[in-house]
Structure formats: C-alpha cells, structure tokens
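Single-letter residue listing:
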Amino acid sequence: MLSRKIMTTAICFIAVNTVLSCRNHTAASAQHNAADSLPPVETQKPNIGYKSAFAGQTRVGAIKTKTPLSVTVIDNSLDHPWGICNLPDGRFLISQKKGTMRIESPDGKSHKEVTGFPPVVPDGQGGLLDVNIDPQFSSNRMIYWDYSEKTSGGTLLAVAKGKLSADETKVENPTVIYRATPAFKGALQFGSRILFDKQGNLFVSTGERSAKEIRVQAQELNSSLGKVIHITKDGKPVPGGPFAHKAGARPEIYAYGFRNPEGMTWNPQTGEIWEAEFGPRGGDEVNIIRAGKNYGWPVITYGIEYSGDKVGDGIQQKAGMEQPVYYWDPSVSPSGITFYTGNAIPEWKGNLFIGCLSGSHITRLAIKNNKVVGEEWLLGDLGERFRALITGKDGALYAVTDNGKLYRIARK
C-alpha cells in the first residue's frame, strides 16, 4: 500500500490529444483545460530561474488557434501609434506619439487627422499616449487622453479631455483634469492606459518613472507614481476609494506598487480590471487589479536589473503583496491588452491578447477561473512591435505597431 506522501506526488496521466504529465491534480486540471497539450511556447532560458509561487504562473503549455486566419495590413502610414479605441460607428480613434490622432475606417480606405492637442514631450517613452472616448460620446463627443507634459520640475503624465469637432479634424477646449505628480527629469515609464467604469469614471494607470531614486514612490501613498488611480471626468477622486480616509494618502489611489503598466482592460466575463506590466529584465506580469491592493514593485519581482543585479533584496514573494496571475522571463515587453469579445473566432472568446514589443508578437492567453491555462504567440514572423490591440465591431482583432501599421486579424 502506497504511503500518503507517495500517493500525493505520484505521476498521473490525462489524455487530451496526447498524454499529459502532471505533478498534482491541480496542475493536471489546468493543462487539461488548455486547448492543446504542447510544450511551453517560450524555449529560452530564464534570466535567473526564480521559483514561481504556484503552478501555471509562468510557461504553461502552448495552445494553437485552429481557425484559419487572415492577416491584413489596413494602413501603414500611422505615425508611431500608441492607443486605439472603437468609435460608435465602427471606425477607430488612434493616438499618435508625436501629438496627433487619426480616425481610421476598418477597411483602411479613409482616415482623418485630428489636431489641437496640448504640446507633448515625445522623447523616450513619452508622448501622446492612450486615448478613450466618453461612454456618452454619441451625444457629447468627448474624448480623453494622457500624455507626457513638460513642467518646471521635469515631465509628468497628464490626463486631459476635449470635444471632437463636428468635422472630426480637431479637439476643442482641451483641458487637463489630472497630473500624476511629482514630476521627474526623465523620459521613461509613464504608463499608461485609460478605462471607464460603469458610472463613467476613469481608471488610469501610471508608471513609476524608472530611476532607482524615484521608483520607490510606487510604494508610497502620497505619490501618484506607480499607481492605478480612480478619478471622475473632472479629475477629482472618486468618493469611497480604498485610501480615502487614510492620513497622508492620495484619495484617488485605487491600487499601487506598479512599475510600468502599459496594458489595462476590463475582463467582460468577471467585470474585473486586468493589467499588463512592463517589468525589468524579465518579470513582465499580468495582474488582476483590486481595490487597495499592493502589487509589490520594487520590493518583489520575478525580474532583475538590466545590469544583471537583483532588484532590491531579490525577493519574489512577501506578505501583503499580490502575486501576478502570470509572468514572463525572459521579457516579452507587454504593452496594450484586450480581451477578445467578438463572435467571429469562437475559440478566442474570453482570451486575453497582449501586444508585445521586444517579443515582436501578439500573446494569446487562455483563461479559466482567473488562471492562465494556455499560451500562444501570434504573428511573430512579422518583426513588429505590437503597441495596442482591440476587438473591432466586426469581430476581428485589430493591432497597431510602432512601425505605423494597423493590422486586421480575422477569420479567413
């Protein structure tokens, strides 16, 4: 008779299309729920080989899209696009890093340039960054964006709003509603993405500005850096925030401890915010954002400094700090993210898609019960840096790249 210890560590086998090996029932179930039973798509050695906190937190089994796909370049004339959102009529509003926007038809046959934005600092990782439209855009024509703004103390992330003109060529009465302070003399890691909640308030992610002397403010509640903030359309703190009654804390802070959160989206199945974080050397993350939680940077991370040194004390877990749902090592450099919400490709329903920069591909993550159960890399042969993605109203997946291209990925 086997002892309890031997029984709980015994190897089990589950048939999916091939036989899966698993160390325990939980890991086996996760793999069983993936579409295929393939080795992880990542084959490179990790930078340092930190031990993950739980099974399936990194390098899950690969999956493969079975639906034949058509990949089309709709436009190749964008000027360093950064954000993309749907307009009510099916067109796209695309922000461009140097300070303008583009309204683009989904077939690429027509576009309009939108000007009139405040001056941006397009150096480094700064510029005109994300864009989103007011939930009542059809009646009020209001758009919201964030950008790197020059101040006497350096640069900072500013959030602004304005009205799209009737002829769709300029933004009227642009007004800054929020500034992520303090300013810093640097050009790196501003974040940032903008989401609207059901009440019409904004969630905005902010970067911690990279340098060692400023990054520590990601852990400080009297700073806007390295945070997800929750503000009204006028830039005021949404009442009842998790730190509204904490002395010395900024009441607009919703969650904290982030490095460079360049991806943020709603999970339509759970109603929760998911975030993608551009880590150091390795340690890129996906997180579920919950009120009042601390996501650990720069105290815990699965990455290392670009120099090869450990970050801080070189720890990956600490009480009171959240673990990522998933992480990558080596880096893929995640930027914009979106859950696929179309009906054209049913096997993608509920999957998270992540635009990757240094990885030069689009990552597809299959999710079950808030766990990653399968990973696929798409379009890796194109050599593109995928900056942002969205599900179009036609059910296709659209992506913009740093090379100025708008891709349509659809059922063939």
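Here the residue index of a chain counts from 1 through its sequence in written order. pLDDT decides what is reported in this predicted model: residues at 70 or higher carry local features, side-chain atom pairs at 80 or more are listed and counted, and totals for whole chains, interfaces and linings draw on all residues regardless. Heavy atoms from the whole structure form the basis of all side-chain values; hydrogens and water molecules are not counted.

For salt bridges, the criterion is a side-chain nitrogen of Lys or Arg within 4 Å of an Asp or Glu carboxyl oxygen. Per the counting criterion, the structure on display carries 19 salt bridges. Here Arg193 ties to Asp130 by a salt bridge, and the two come within 3.1 Å at their closest N and O atoms. Taken together, the positions of Arg193 in the loop between β11 (171-184) and β12 (194-196) and Asp130 in strand β8 (residues 128-133) put the pair 63 residues apart, joining distant regions of the chain. For the pair Arg193 and Asp130, one class covers both residues: buried. One salt bridge in this structure joins Lys233 and Asp134, with 3.0 Å as the shortest N-O distance. With a gap of 99 residues between them, Lys233 in the loop between β14 (227-231) and β15 (253-256) and Asp134 in the loop between β8 and α3 (137-140) connect regions that are remote in the sequence. Each residue gets one of three labels from its accessible area relative to the maximum for its type: buried under 20%, exposed over 50%, partly exposed in between, using a 1.4 Å probe on protein chains only. Residue Asp134 is classed as buried on the basis of its relative accessible area of 2%. A single salt-bridge network, built from bridges that share partners, covers Asp75, Arg102, Glu104 and Glu113. Labels follow the DSSP assignment, with helices taken as runs of H or I lasting at least four residues and strands as runs of E lasting at least two, numbered in each case from the N terminus.

Note on placement: Arg91 falls in the loop between β4 (81-86) and β5 (92-96). Polar contacts, as counted here, are pairs of nitrogen or oxygen atoms within 3.5 Å of one another; within protein the pair requires one atom able to donate a hydrogen and one able to accept it, and residues that are adjacent in sequence qualify only if both atoms are side-chain atoms. Looking at Arg91, its side chain comes within polar contact range of the side chain of Glu168, at 2.6 Å. Any two residues having at least one pair of non-hydrogen atoms within 4.5 Å are treated as being in contact. Leave out the neighbours within four places in its chain, and Arg91 touches Cys85, Asn86, Ile103, Glu104, Ser105, Pro106 and Glu168.

A probe as big as a water molecule, rolled over the atoms, marks out the empty space that is left. Buried and open spaces are told apart on a 1 Å grid over the protein atoms alone, a cavity being a set of points where a 1.4 Å probe fits but cannot get out and a pocket being an open set with protein on both sides within 12 Å along at least five of seven lines. Residues with an atom within 4 Å of a point are the lining residues. Grid points are joined across faces, edges and corners, and a volume is the space filled by probe spheres set on the points. By volume, the largest pocket is sized at about 940 Å³. Along the wall of the largest pocket there are 34 residues; nearest its centre are Asn132, Leu195, Thr265, Trp266 and Ile390. When residues of the lining of the largest pocket are traced back to their parent elements, those giving at least two are β4, β8, β12, β16 (263-266), β20 (334-339) and β24 (386-391). For this classification, the nonpolar set comprises Ala, Val, Leu, Ile, Met, Phe, Trp, Tyr, Cys and Pro, the charged set comprises Asp, Glu, Lys and Arg, and every other residue, Gly included, is treated as polar. Across the lining of the largest pocket, the residue classes tally to 17 nonpolar, eleven polar and six charged.

Turning to the packing of aromatic side chains, a few remarks are in order. Stacked, tilted and edge-to-face are the three classes applied to pairs of Phe, Tyr and Trp rings, where Trp contributes its six-membered ring and a pair requires centres within 6.5 Å; stacked means planes under 30 degrees apart, edge-to-face means over 60, and tilted covers the rest. Across all of its chains, the model carries 14 aromatic pairs by this definition. Their ring planes at 75° and their centres at 4.8 Å tell us that Phe203 and Tyr254 sit as a pair that is edge-to-face. Taken as a pair, Phe203 in strand β13 (residues 202-205) and Tyr254 in strand β15 lie far apart in primary sequence, 51 residues in all. Under the relative-accessibility criterion, Phe203 is labelled buried at 4%. For the ring pair Trp274 and Phe339, a centre distance of 5.5 Å and an interplane angle of 90° mean the geometry is edge-to-face. With a gap of 65 residues between them, Trp274 in strand β17 (residues 273-277) and Phe339 in strand β20 connect regions that are remote in the sequence. Either the NZ atom of lysine or the CZ atom of arginine qualifies as a charge over a ring when it sits within 6 Å of the ring centre and within 35 degrees of the ring normal. The lysine or arginine in question, Arg259, covers the ring of Trp297, its NZ or CZ lying 5.5 Å from the ring centre.

This next bit is on the environment of Phe243. Here Phe243 shows up in the loop between β14 and β15. The exposure class assigned to Phe243 is buried, which follows from its relative accessible area of 8%. Along the sequence, Phe243 and Ala291 sit 48 residues apart, while their C-alpha atoms lie 9.2 Å from each other. Setting aside anything within four residues of it in sequence, one finds Phe243 in contact with Leu221, Ala249, Arg250, Pro251, Ile253, Tyr254, Tyr256 and Gly292.

Right, let's talk about the pairing of strand β6 (residues 100-104) for a bit. Of all the five residues making up β6, four are buried; the element is thus mostly covered by neighbouring parts of the structure. Inspection of the sheet shows β5 paired to β6 by five bridges, in the antiparallel sense. Among the inter-strand pairings, Phe92 is bridged to a residue of β6, identified as Glu104. By this definition, two strands are paired if DSSP reports at least two bridges between them. Strand direction decides the pairing type here: β6 and strand β7 (residues 111-114), joined by four bridges, are antiparallel. Across the sheet, residue Met101 finds its bridge partner in β7, namely Val114. Connecting β6 to the next strand, β7, in antiparallel fashion are six residues, including Gly108 with a positive phi near 75°.

Under the defined criterion, the tally for this structure stands at four cavities of 30 Å³ or more. Put simply, the largest cavity is a space of about 70 Å³. What lines the largest cavity is a set of 14 residues, among which Arg259, Glu277, Glu285, Trp297 and Thr301 lie closest to the centre. Of the residues that constitute the lining of the largest cavity, the class distribution is five nonpolar, six polar and three charged.

A separate point is the environment of Lys45. Tracing the backbone through its elements, the reader meets Lys45 in the loop between α2 (25-33) and β3 (69-75). We classify Lys45 as exposed; its relative accessible area is 74%. Taking the C-alpha atoms as reference points, Lys45 and Pro330, separated by 285 residues in sequence, lie 7.3 Å from one another. The residues contacting Lys45, other than those within four sequence positions of it, are Arg59 and Pro330.

A word on the sheet that holds β13. As summarised here, the arrangement of the four strands in space is β12-β13-β14-β15, forming an open sheet in which the pairing is antiparallel. Only two strands of the sheet have a single partner each, and these edge strands are β12 and β15. Averaged over all pairs of adjacent strands, the angle between their axes in this sheet comes to 20°, without regard to strand direction. With three bridges joining them, β14 and β15 adopt antiparallel strand pairing. Each residue of the ladder has a partner; that of Val228, found in β15, is Ala255. The axes are straight lines fitted to the C-alpha atoms, using for helices just the contacting stretch, and the angles between their N-to-C directions are given from 0 to 180°.

The subject of this paragraph is the sheet that holds strand β23 (residues 371-378). One open sheet accounts for four strands, arranged β20-β21-β22-β23; its pairing is antiparallel. Of all strands in the sheet, those with a lone pairing partner are β20 and β23, marking the two edges. In this sheet, neighbouring strand axes are inclined to one another by 25° on average, regardless of whether the strands run parallel or antiparallel. Of the strand pairs in this sheet, strand β22 (residues 362-368) and β23 are connected by seven bridges, and their pairing is antiparallel. Bridging across to β23, Arg364 finds its partner in Glu376.

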